[in-house]
Amino acid sequence: MTSTQSAPNSRDDLRMPDTVRQAEAAWLVAITKGDEEQRALMLPDCVIVHGPVGNVHDRERFLGYNASMGATLEAETSEVTCGERGGRAIVTCFQKMRIRRVPDLPPFLVQAVATRVWFSTDEGWRLGHMQLSRRQPPV
């Protein structure tokens, strides 16, 4: 599954996903569009564990950190597995993102193993927890 950055959509166009598969596809699109699209898919108390050192952030702190990394131009997943039970779904995958950190340079590749925990709500599936083990190029 792959998503690339495109022209911004109106916030009104965003529908909550009805299935876990739709939630995962919506997440890939959201990470190429920005904070508001990601925030809409996340529960307010979502917790994210990420980075090579295991940062633990709440939703807002993660979105700020993620934005500081640069724009994600493309995201794709492979080796996706999903277990769904009792209104919860755990999805694991290998994720690749191309991020533009510096405007004049080509985007660089960030690879990660991701685990996302989705919760079924009255509005649709929402992200409640994500563990993202990023592997970044050396500085």
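Residues numbered from 1 in each chain as written. Predicted model: local features only at pLDDT ≥ 70, side-chain atom pairs only at ≥ 80, totals over all residues. Heavy atoms only, no water.

Caption draft 1: Quick look at the pairing of strand β2 (residues 42-50). Bridge count for β2 against strand β7 (residues 124-135) is 5 bridges, and the pairing is parallel. For V49, the partnering residue across the bridge sits in β7 and is Q131. The sheet contact formed by β2 and strand β3 (residues 55-58) spans 4 bridges and is antiparallel. Of the residues in β3, the one forming a bridge with H50 is N55. In this antiparallel pair of consecutive strands, β2 and β3, the connection spans 4 residues, and G51 shows a positive phi of 90 degrees. (Pairing = 2+ DSSP bridges. Helix = DSSP H or I, 4+ residues; strand = E, 2+ residues; numbered from the N terminus.)

Caption draft 2: The arrangement of the side chain of R126 in detail. Mapped onto the elements of the fold, R126 is located in strand β7. With near-sequence residues (within four places) excluded, R126 lies in contact with M16, R39, A40, L41, M42, L43, P44, V117, W118, F119 and T121. (Contact = heavy atoms within 4.5 Å.)

Caption draft 3: Summary view of the pattern of salt bridges. Summed over all chains, the structure comprises 7 salt bridges. Taking the shortest distance from any N to any O, the salt bridge between R98 and E74 comes out at 3.8 Å. Here R98, found in strand β5 (residues 88-100), pairs with E74, found in strand β4 (residues 71-85); they are 24 residues apart in sequence, far enough to count as distant. R98 sits in the partly exposed class, given a relative accessible area of 36%. Overall, E74 belongs to the partly exposed group, its relative accessible area being 25%. Three or more residues are tied together by salt bridges with common partners; here these are E36, R39, R59 and E60. (Salt bridge = Lys/Arg side-chain N within 4 Å of Asp/Glu carboxyl O. Buried < 20%, exposed > 50% of the residue type's maximum accessible area, 1.4 Å probe, protein only.)

Caption draft 4: Structural context of the environment of I99. Along the polypeptide, I99 turns up in strand β5. Take I99: its relative accessible area is 5%, and that puts it in the buried class. Sequence-distant contacts of I99, defined by excluding residues within four places in its chain, comprise M69, G70, A71, T72, P107, F108 and V110.

Caption draft 5: Structural context of empty space enclosed by the protein. Counted by the stated rule, this structure contains 1 cavity of 30 Å³ or more. Reported here for the largest cavity is a volume of approximately 70 Å³. Residue lining of the largest cavity: W27, I31, Q38, F62, N66, T72, Q95, M97, M130, L132 and R134, and that is the complete set. Where the lining of the largest cavity is concerned, the elements lending two or more residues are α1 (20-33), α3 (59-68), β5 and β7. Looking at the lining of the largest cavity, the element that brings in the most residues is β7, giving 3 residues. Partitioned by chemical class, the residues of the lining of the largest cavity number 6 nonpolar, 4 polar and 1 charged. (1 Å grid on protein atoms, 1.4 Å probe; cavity = no way out; pocket = protein on both sides within 12 Å on 5 of 7 lines; lining within 4 Å. Points joined across faces, edges and corners; volume = space filled by probe spheres on them. Nonpolar A, V, L, I, M, F, W, Y, C, P; charged D, E, K, R; others polar.)

Don't take any of this as a statement about function, it's just geometry.
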